[in-house]
Amino acid sequence: MYALLIIPVLALLYFGLLFWFRDRNASLRMDFKKLKDDPWYFDRKFLWGSATSSYQVEGGCTNNNWFQFESAVDENGHPRISNGQKAGMASDHWDRYKEDIQLMKELSLNAYRFSVEWSKIEPKQGEFDEAALDHYEQVVDELLANGIEPMVTLHHFTNPIWFEEKGAFLQEDSPETFTRFVEHVLGRLGPKVKLWCTINEPTAYAFSGYFIGLFPPAQKNLQTAAVVMRNLLRAHTAAYTAIKKMQPQAQAGLVVVMMIYDPPSRWNLLDVVFNHLLNRNMSDSQLRYLTDGIFKFSIPGLASETYASSVRDTFDFIGVNYYTRFLWKLRPYGKRKLDIVKKAPPERVTDMEWEIYPEGFYRVLKLVSSYTSKPIYITENGLADDSDTKRAKFIEDHLLVLNKAIADGMNIRGYFYWSLMDNFEWAYGFEKRFGLYHIDYATQKRTLREGSRKYAEIIRKTREVR
Ligand code: FCB
């Protein structure tokens, strides 16, 4: 008799848990043709920009952890960076910034997000190179003279070698060390720059460097990655506090990469729970920290880290980087325990093999808006598409989604396309081309890609209506 009950009870439990953990937004579909009928809601003050980071574009970064990584090899003797490439001159933005600012103007952009290279500004601990700061001040002046609002990122994945060798963000006092650098930059650029991003993508830095082994220092320990993530969030708070003390009118925020994790099968409880855990730990944990001051990272049996800050609400805006979603599969008894399942057809996949999923953009914006009504800047969004066959549609669809998010009341103030020009895509090197402008690396010649015209066209249209 009781045996007969077991099956329905187990089924009830299974489906109960399935529905409990299932993300109800996962099935969101959008009719992009219909979205095109909507009016544009972007106002005159909306920031239309592009984004870069120092190591990826400047050239001459010979004093940071990535420079060391360029000559490192993995356990099998293979170079850490695809085909042993080196950033070298990169996109030579250090010398060509004036020309590049004109490229922004040609696209009608009114904002630019870039990062300052810590290893150039503080080459040895406590020794600051004023000439490097002069350079960044000149970049800021040139932007302002051209009607382009600068947004400065203080940490975008790279560390000076001296900091890396001491243990980087594994050190408990790393927030203070980082903040001394921040104060120095603020001392110089503070009066001219209104928008500050403290740290770019804590999760990407922590998990690519300390769990996946794709970034320096190529460690593979989940618990260590969680500790690094905690310290990066602490560093954000310390930097934010310092910025506001020095420049109370400045606006400062953290840049979070909002990946979506969806189950490959919506009926498989393990898939559903595992991807739920990823969303909670990778995205929600950062939003919660920003708003409540509480950081909680927990993957049962594998890693656990908590931290409660004495201050909360340490942000004026949230920077959102959105690229794609991943469908993670956990196979506890399989040979490969973790896998990303690919389901999208080739026309919806970029050169990074990332799915093009604009609906996900809406989902992340909704999630962020459920935590705060403070301003949101889209600090990165874009695609690697060397053939330039997908760029125009990618841009249009994502901007239609953004438009809808604004129409639905979300507080979005700016959009920065990644990237202005082709550049050095970390461990993937130069092959992954994200640029609005194509670069011929032999001559450094910049050429506007056809698909990028869509961006300028939409910007101009939004200005016509308002
Ligand atoms: C983001 C990084 C940025 C760039 C894009 C493609 O995670 O912030 O530097 O590499 O991905």
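Quantities reported herein were computed from a predicted structural model and do not represent experimental measurements.

Rules used in this analysis
- Residues numbered from 1 in each chain as written.
- Predicted model: local features only at pLDDT ≥ 70, side-chain atom pairs only at ≥ 80, totals over all residues.
- Heavy atoms only, no water.
- Salt bridge = Lys/Arg side-chain N within 4 Å of Asp/Glu carboxyl O.
- Helix = DSSP H or I, 4+ residues; strand = E, 2+ residues; numbered from the N terminus.
- Buried < 20%, exposed > 50% of the residue type's maximum accessible area, 1.4 Å probe, protein only.
- Pairing = 2+ DSSP bridges.
- Axes fitted to C-alpha atoms, helices over the stretch in contact; angles between N-to-C directions.
- Contact = heavy atoms within 4.5 Å.
- Expected span 1.5 Å × (residues − 1).
- Bend = angle between axes of the 7 residues up to and from the residue.
- Near = heavy atom within 4 Å.
- Polar contact = N/O pair within 3.5 Å; in protein donor to acceptor, adjacent residues only side chain to side chain.
- Areas by Shrake-Rupley, 256 points an atom, 1.4 Å probe, with all protein chains shown as cover.
- Phe/Tyr/Trp six-rings, centres within 6.5 Å; stacked < 30°, edge-to-face > 60°.
- Patch = residues over 30% accessible without salt bridge, like charges linked within 9 Å, V, L, I, M, F, W, Y side chains within 5 Å.

Residues and numbers for the pattern of salt bridges, please.
One pass over the full model with this rule turns up 40 salt bridges. With a closest N to O distance of 3.0 Å, Arg325 and Glu355 form a salt bridge. Residue Arg325 is found in strand 10 (residues 325-326), and its partner Glu355 is found in the loop between strand 12 (338-340) and helix 13 (358-371); the two are separated by 30 residues along the sequence. For the residue pair Arg325 and Glu355, the accessibility class agrees, reading buried in each case. It is possible to trace a salt-bridge network through shared partners that takes in Asp23, Asp262, Arg325, Arg348, Glu355 and Arg363.

Tell me about the sheet that holds strand 3 (residues 149-155), and name the residues and values.
The strand order 1-2-3-4-5-9-13-14 describes a closed barrel built from eight strands, whose pairing is parallel. When strand polarity is set aside, the average angle formed by the axes of neighbouring strands in this sheet is 25 degrees. Summarising the sheet, strand 13 (residues 376-380) and strand 14 (residues 412-418) pair through three bridges and their orientation is parallel. In the strand pairing of strand 14, Ile378 is matched with Tyr415. Sheet strands touched by helix 7 (residues 130-145): strand 2 (111-115) and strand 3. Its angle to strand 2, the strand with the most contacts, is close to 170 degrees.

Let's hear about helix 5 (residues 93-106): which residues, and what values?
For helix 5, which comprises 14 residues, the first-to-last C-alpha distance of 17 Å sits more than 12% below the rise-based estimate of 20 Å (1.5 Å per residue). A maximum bend of about 45 degrees is found in helix 5 at Glu99. Listing the buried residues of helix 5 in full gives His93, Tyr97, Asp100, Ile101, Leu103 and Met104. The inward-facing, buried residues of helix 5 abut helix 3 (54-57), strand 2, helix 7, strand 15 (437-440) and strand 16 (445-448). Residue Ser108 follows helix 5 closely and has a positive phi angle near 70 degrees.

Break down the site of the ligand for me, with residues and values.
Near the ligand, the surroundings consist of Gln56, His156, Phe157, Asn200, Glu201, Tyr323, Glu380, Trp418, Glu425, Trp426 and Phe434. Here an oxygen atom of the ligand sits 2.9 Å away from a polar atom, N or O, in the side chain of Trp426. Calculation on the ligand without its partners gives an accessible area of 290 Å², and the protein chains cover 94% of this total.

Residues and numbers for the pairing of strand 7 (residues 294-299), please.
Judged by which residues are buried, strand 7 turns out to be one-sided: Phe295, Phe297 and Ile299 face inward and are buried, whereas Ile294, Lys296 and Ser298, on the alternate face, are not. Bridge count between strand 7 and strand 8 (residues 303-308): six bridges; the pairing is antiparallel. Each residue of the ladder has a partner; that of Phe295, found in strand 8, is Tyr307. In textbook terms, the turn of a hairpin is the stretch between consecutive antiparallel strands, and for strand 7 and strand 8 this stretch comprises three residues, one of which, Gly301, has a positive phi near 85 degrees.

Any chance you could break down unusual backbone geometry for me, citing the residues and the numbers?
The phi torsion of most residues other than glycine is negative, and most of the peptide bonds are trans. Following Pro216, the chain continues to Pro217 via a peptide bond in cis, the omega torsion being 5 degrees. Inspection of the secondary structure puts Pro217 in the loop between helix 10 (202-212) and helix 11 (222-246). Following Trp418, the chain continues to Ser419 via a peptide bond in cis, the omega torsion being 10 degrees. Within the fold, Ser419 resides in the loop between strand 14 and strand 15. Even without a glycine there, the phi angle at Asn83 is positive, about 55 degrees. Here Asn83 is to be found in the loop between helix 4 (65-70) and helix 5. With phi around 55 degrees, Ala218 is a residue other than glycine that occupies positive phi space. Looking at the element boundaries, Ala218 is found in the loop between helix 10 and helix 11. Assessed through its relative accessible area of 17%, Ala218 is described here as buried.

Mind laying out the packing of aromatic side chains, listing which residues take part and the relevant values?
The full count for this structure, using the stated rule, is 41 aromatic pairs. Both rings, one in Phe19 and one in Trp267, keep their centres 6.3 Å apart while their planes meet at 80 degrees; by these two values the pair is edge-to-face. Taken together, the residues span a long stretch of sequence, with Phe19 in helix 1 (residues 2-21) and Trp267 in the loop between strand 6 (260-261) and helix 12 (269-292) at a distance of 248 residues. Relative accessible area serves as the criterion here: at 42%, Phe19 is assigned to the partly exposed category. With a centroid separation of 5.0 Å and 75 degrees between ring planes, the pair formed by Trp66 and Phe215 is classed as edge-to-face. Of the two residues, Trp66 is situated in helix 4 and Phe215 in the loop between helix 10 and helix 11; the sequence distance between them amounts to 149 residues.

Residue-level account of the side chain of Arg363, with values.
Examined against the element boundaries, Arg363 turns out to sit in helix 13. By relative accessible area, Arg363 is classed as buried at 7%. Every residue in contact with Arg363, bar those within four places of it in the chain, is listed here: Asp23, Asn25, Ala26, Leu28, Ile260, Asp262, Arg325 and Tyr357.

Which residues make up a nonpolar patch on the surface, and what values go with them?
The grouping of Ile6, Ile7, Leu10, Leu13 and Leu17 at the surface amounts to a nonpolar patch, some 500 Å² of accessible area in total. The residue Leu17 is located in helix 1 in this model. Accessibility expressed as a relative area gives 35% for Leu17, which makes it partly exposed.

Can you tell me about helix 12, naming the residues and giving the values?
Compared with an ideal rise of 1.5 Å per residue, which puts 24 residues at 34 Å, helix 12 spans 30 Å between its outermost C-alpha atoms and falls more than 12% short. The principal kink in helix 12, of about 40 degrees, is found at Asp284. Of all 24 residues in helix 12, 18 are buried, a share of seventy percent or more. Two to three positions downstream of the cap, the backbone nitrogen of Leu270 sits 2.9 Å from a side-chain oxygen, assigning the N-cap of helix 12 to Asn268. One or two positions beyond helix 12, positive phi appears at Gly293, with a value near 80 degrees.

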